[in-house]
Amino acid sequence: RLIHHIQPVVRLPQRRPAAYDLVPRLMLQDGDLADSADFMPRRGGHDVVRQIEGVGLVEAIAIARRSRTGGQPIVLHIPLSRSSLGDDLSAEQLLATLDANRAIAPGLTFLIAESEWHALTTRERAVVESATRKGAGFSINDMNLKSGPLCDALKPTLCGRRRV
C-alpha cells in the first residue's frame, strides 16, 4: 500500500517549518515502511511513476485544503517528473486539478530534478508554464551542491533547492 508522509522543511535558526515535503512510502507486509529509493523505478516504469505522482497530487490537495480550512495554510513540496509532464493525460489531469483548486495552488510547489528540468521539451515547458499561471510553483531539486559540512547536514531539508 502506498502512503504519503509530510516532512517539515525548517528555517534556521528559528527551527520553524517553512514548508513540508510530500514523501511517498510503501507499506510492506510486515508493517515497515520502504523509502521511495527502495521502490521507485530507476529506469523505465513511467506508468508507475505517473500513478505515484498522481496519487501524491491528490494527497497534497487534501492536506492543503485541510490546513487552509483549519486556518493555517501550508506550503507543500510535491515530487514531479517528466513522466507526468510528458504524458498528455497526466499533464491534463495535473492542470485540471490545479484549475479546480486555484485557492490552494500557490501553496503547492512541484519539485523536479535539475537534470530533468534542463531536459524539458517544448511541450513539457508549456505544461510547466500553464501550471505556474494557475498559481503553482516549481523548484529545482537535487542540485549539485555537495560542498561543505553545512550543506551535507542540511541537504535533506534545505540545500539543493531553488524556486524557479
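For the structure, check the block above.
Here goes a summary of the coordinates provided. (Residues numbered from 1 in each chain as written. Predicted model: local features only at pLDDT ≥ 70, side-chain atom pairs only at ≥ 80, totals over all residues. Heavy atoms only, no water.)

### What about the overall build of the protein chain?
Step number 1: The number of helices and strands found in the protein chain is seven helices and seven strands.
Step number 2: Counting only residues that meet the buried cut, the protein chain has 38% of its 164 residues in that class.
Step number 3: The contacts of the protein chain with a sequence gap of at least 6 include a subset with a gap of at least 24, amounting to 61%.
Step number 4: Accessible area of the protein chain: about 9,800 Å², with a carbon and sulfur share of 51%. (Helix = DSSP H or I, 4+ residues; strand = E, 2+ residues; numbered from the N terminus. Buried < 20%, exposed > 50% of the residue type's maximum accessible area, 1.4 Å probe, protein only. Contact = heavy atoms within 4.5 Å. Areas by Shrake-Rupley, 256 points an atom, 1.4 Å probe, with all protein chains shown as cover.)

### Focus on the pattern of salt bridges
Step number 1: Under the defined criterion, the tally for this structure stands at eight salt bridges.
Step number 2: D87 is the salt-bridge partner of R50, the closest N and O atoms lying 3.8 Å from each other. Placement of the pair is R50 in helix 2 (residues 46–69) and D87 in the loop between helix 3 (82–85) and helix 4 (88–100), with a sequence separation of 37 residues.
Step number 3: In this structure, R82 and E124 form a salt bridge, with 2.8 Å as the shortest nitrogen-oxygen distance. A residue pair is termed long-range when its members are at least 10 positions apart, and R82 in helix 3 and E124 in helix 6 (residues 122–133) qualify at 42 residues.
Step number 4: Residue R82 is classed as partly exposed on the basis of its relative accessible area of 27%.
Step number 5: A relative accessible area of 5% means that E124 is categorised as buried.
Step number 6: If you follow the salt bridges from partner to partner, you end up with D47, R50 and D87 in one network. (Salt bridge = Lys/Arg side-chain N within 4 Å of Asp/Glu carboxyl O.)

### Focus: unusual backbone geometry
Step number 1: P13 follows L12 through a cis peptide bond whose omega is 0°.
Step number 2: Take P13: it is sitting in the loop between strand 1 (2–11) and strand 2 (16–27).
Step number 3: Positive phi values are uncommon outside glycine, yet R15 reaches one of about 60°.
Step number 4: Given a relative accessible area of 65%, R15 falls into the exposed group.

### Here's the deal with the pairing of strand 6 (residues 137–141)
Step number 1: Among the five residues in strand 6, five count as buried, and that is most of the element.
Step number 2: Burial along strand 6 is two-sided: G137, S139 and N141 facing one way and F138 and I140 facing the other are all buried.
Step number 3: Taken together, the five bridges between strand 5 (residues 108–113) and strand 6 define a ladder with parallel strand orientation. Looking at strand 6, one finds that F110 is bridged to F138. (Pairing = 2+ DSSP bridges.)

### A short note on the side chain of S81
Step number 1: If you trace the backbone, S81 turns up in the loop between strand 4 (76–79) and helix 3.
Step number 2: Side-chain polar atoms of S81 contact the side chain of E53, separated by 2.8 Å.
Step number 3: In this view, S81 contacts V49, E53 and E116; residues no more than four positions away in its chain are not counted. (Polar contact = N/O pair within 3.5 Å; in protein donor to acceptor, adjacent residues only side chain to side chain.)

Everything listed here is a matter of coordinates, which is why it stays silent on function.
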